[in-house]
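Understanding the architecture of this molecule
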Amino acid sequence: MIKICPACETKNPEDAPVCSNCLEDLSVVSPVKEEEKKETLNLLINGKEITVKNGDVIGRQATGSEIFKDFPTVSRKHARITNENGDWFIEDLNSTNGTYINGERIKPFEQRKIEKGDKINLSMSVKVQLV
């Protein structure tokens, strides 16, 4: 098991508190099997598609920044996308305007399973669909 840094994608030991490369905080990063990193998920965000990997953080200064830069209601590091045993999860990273699944705001740092057909919003202004 390893922890993959959300900032620089460096592989770290599963018990690492910070990234060995960039010193990013890894305390909220879930350890994953190395082969899980290869799986990807495509997200359609307000009509534009991005590909995320297990452990990716999405936001204005993270994966998808080219899309989110025009949405000030999305935090710089808004949410983390993870994969566990083939299931995808989203975790709000204590964003200012929240992450919503099917109209319900999830609690900060709570992982929620996401599936095709779920209505996901980053703040109330940015719609996300799994494709």
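Here's a quick rundown of the structure.

Conventions used here
- Residues numbered from 1 in each chain as written.
- Predicted model: local features only at pLDDT ≥ 70, side-chain atom pairs only at ≥ 80, totals over all residues.
- Heavy atoms only, no water.
- Helix = DSSP H or I, 4+ residues; strand = E, 2+ residues; numbered from the N terminus.
- Rg over C-alpha atoms; globule rule 2.2 N^0.38 Å.
- Contact = heavy atoms within 4.5 Å.
- Areas by Shrake-Rupley, 256 points an atom, 1.4 Å probe, with all protein chains shown as cover.
- Lys, Arg positive; Asp, Glu negative; His and termini not counted.
- Charge placed at Lys NZ, Arg CZ, Asp CG, Glu CD.
- Pairing = 2+ DSSP bridges.
- Salt bridge = Lys/Arg side-chain N within 4 Å of Asp/Glu carboxyl O.
- Buried < 20%, exposed > 50% of the residue type's maximum accessible area, 1.4 Å probe, protein only.

Details of the overall build of the protein chain
On a plain count of helices and strands, the protein chain comes out with one helix and twelve strands. Counted from the first residue to the last, the protein chain has its helices and strands arranged as β-β-β-β-β-α-β-β-β-β-β-β-β. Its C-alpha atoms give the protein chain a radius of gyration of 14 Å, near enough to 14 Å, the size a compact globule of 131 residues would have. Of all intrachain contacts in the protein chain linking residues separated by at least 6 positions in sequence, the fraction that spans at least 24 positions is 35%. When the accessible surface of the protein chain is split by element, carbon and sulfur atoms take 46% of a total near 7000 Å². Taking the 19 positively charged and 21 negatively charged side chains of the protein chain as two groups, their mean positions are separated by 5 Å.

Brief notes about the sheet that holds strand E10 (residues 111–114)
Strand pairing within a sheet occurs via backbone hydrogen bonds; the two strands may be parallel or antiparallel. Spatially, E5-E6-E7-E10 is the arrangement adopted by the four strands of the open sheet, whose pairing is antiparallel. Only two strands of the sheet have a single neighbouring strand rather than two, namely strand E5 (57–58) and E10.

Comments concerning the pattern of salt bridges
Tallying each qualifying case throughout the model produces eight salt bridges. Across the pair Lys 77 and Glu 24 runs a salt bridge whose closest N-O atoms are separated by 3.0 Å. Remark: Glu 24 occurs in the loop between strand E2 (11–13) and strand E3 (40–45) and Lys 77 occurs in the loop between helix H1 (65–68) and strand E6 (79–84); sequence separation between them is 53 residues. For Lys 77, a relative accessible area of 38% translates into the label partly exposed. With a shortest N-O distance of 4.0 Å, Asp 56 and Lys 53 are connected by a salt bridge. Owing to a relative accessible area of 21%, Lys 53 belongs among the partly exposed residues under this scheme. Among the charged side chains, a network of salt bridges with common partners joins Glu 9, Lys 53 and Asp 56.

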